[in-house]
Amino acid sequence: MALTKTNTDALCPPTKGHNALIIYLQKIKYHYYLWTGLYMLETHERIAFHFVVGPVMLAFCIYCGVFCGGVLDGWKDAVVASQSI
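Parameters at a glance
Per-chain numbering applies: the sequence of each chain, read as written, is numbered from 1 onward. With the structure being a predicted model, the display of local features is reserved for residues of pLDDT at least 70 and the display and counting of side-chain atom pairs for 80 or more, all residues being used for whole-chain, interface and lining totals. Side-chain figures throughout are based on the complete set of non-hydrogen atoms in the structure, without hydrogens or water. Only DSSP runs of H or I covering at least 4 residues are called helices, and only runs of E covering at least 2 are called strands; the numbering of each starts at the N terminus. Only protein chains enter the area calculation, which uses a 1.4 Å probe; residues under 20% of their type maximum are buried, those over 50% are exposed, and those in between are partly exposed. Each accessible area is a Shrake-Rupley result for a 1.4 Å probe, and residues are judged covered by the shown protein chains and nothing else. Here the expected length of a helix is defined as 1.5 Å per residue gap, with one fewer gap than residues. The arc in question is formed by the directions pointing from the helix axis toward the C-beta atoms. It only takes one pair of heavy atoms within 4.5 Å for two residues to be counted as in contact. Patch membership is restricted to residues that have no salt bridge and whose relative accessible area is over 30%. Joining uses 9 Å for like charges and 5 Å for the nonpolar side chains Val, Leu, Ile, Met, Phe, Trp and Tyr. The salt bridge criterion pairs a side-chain nitrogen of Lys or Arg with a carboxyl oxygen of Asp or Glu, the two atoms within 4 Å. As used throughout, the charge tally considers Lys and Arg to be positive and Asp and Glu to be negative, leaving His and the chain termini uncounted. Whenever a nitrogen or oxygen atom comes within 3.5 Å of another N or O atom, the pair is scored as a polar contact, on the condition that within protein one atom can donate a hydrogen and the other can accept it, and that pairs from neighbouring residues in sequence are kept only if both atoms are in side chains. Planes of paired rings set the category: under 30 degrees apart is stacked, over 60 is edge-to-face and the rest tilted, where pairs are Phe, Tyr or Trp rings (Trp by its six-membered ring) whose centres lie within 6.5 Å. Here, a charge over a ring is recorded when the distance from Lys NZ or Arg CZ to the ring centre is within 6 Å and its angle to the ring normal is within 35 degrees.

Would you mind going over the overall build of the protein with me for this structure?
For the protein, the count of helices and strands is two helices and zero strands. Counting across all 85 residues of the protein, residues that qualify as buried make up 9%. Accessible area for the protein stands at about 7200 Å²; split by element, carbon and sulfur atoms hold 71% of it.

This is the structure in C-alpha cells:
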C-alpha cells in the first residue's frame, strides 16, 4: 500500500523543458514544502496555513525593521551626543 500523504513525487520540480528561472523558483518552492512539512497537507489546509502564518510573518518582519531602525537611530544620537561633550 502506498502512502500518498508522504509522497513528494507530485511536488518534484521539472528539471528540463522550462526557463531556468522557473525551474529555480519551483525548486525553492519544493524545498520550502519539504522543510516545513507542507507537502503532507491538502491544498485547502496549505492555503489556511498561509493565511494564518503569512500575516504573522509579515508583522514580525515589519516589527524587526522598525525595531532595528530605532536602535540605529538611538545609536547615532548617542554617538552625536558623546561627541558634543
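Continuing now.
Would you explain helix α1 (residues 20-36) in this entry?
Taking 1.5 Å per residue, 17 residues should reach 24 Å; α1 reaches 24 Å between its end C-alpha atoms and fits that length. All of the buried residues in α1 are Ile23, Tyr30 and Tyr33. The buried residues of α1 all sit within an arc of 85° when viewed along its axis, so they share a single face. α1 presents Ala20, Leu21, Tyr24 and Trp35 as exposed residues on the side facing more than 90 degrees away from its buried surface. Where the residues of α1 are buried, they touch α2 (43-83). Trailing α1 by a residue or two, Gly37 shows a phi angle of about 80°, which is positive.

Can you walk me through the environment of Arg46 in this structure?
With respect to the helices and strands, Arg46 occurs in helix α2. Using a relative accessible area of 15% as the deciding quantity, one classes Arg46 as buried. Put simply, Arg46 and Tyr33 are 13 residues apart on the chain and 9.7 Å apart in space, counted from C-alpha to C-alpha. Discounting chain neighbours no more than four positions away, the residues touching Arg46 are Tyr33, Leu38, Tyr39 and Leu41.

For this particular structure, what's the right way to read a nonpolar patch on the surface?
Residues Leu21, Tyr24, Leu25 and Ile28 make up a contiguous nonpolar surface patch of about 420 Å² in total accessible area. Mapped onto the secondary structure, Leu21 falls in helix α1. On the basis of relative accessible area, Leu21 is assigned to the exposed category, the value being 51%.

Sorry if this is basic, but what is going on with the side chain of Arg46 here?
Glu42 provides the closest opposite charge to the buried, salt-bridge-free Arg46, at an N-O distance of 6.8 Å. A distance of 3.0 Å separates the side chain of Arg46 from the backbone oxygen of Leu41, its partner in a polar contact.

When you look at the packing of aromatic side chains in this model, what are you seeing that I'm missing?
Aromatic ring pairs are described here by two measures, namely the spacing of the ring centres and the angle between the planes. Applying the stated rule across the entire model yields two aromatic pairs. Aromatic side chains Tyr32 and Tyr33 sit 5.9 Å apart centroid to centroid with 35° between the ring planes, which places their arrangement in the tilted category. We classify Tyr32 as partly exposed; its relative accessible area is 33%. With 6.2 Å between their ring centres and 20° between their planes, Tyr63 and Phe67 make a pair best called stacked. With Tyr63 and Phe67 both in helix α2, this residue pair falls four residues apart, about one helical turn. Judged by its relative accessible area of 53%, Tyr63 is exposed. Stacked on the ring of Tyr33, the Lys or Arg Arg46 has its end atom at 4.9 Å from the ring centre.

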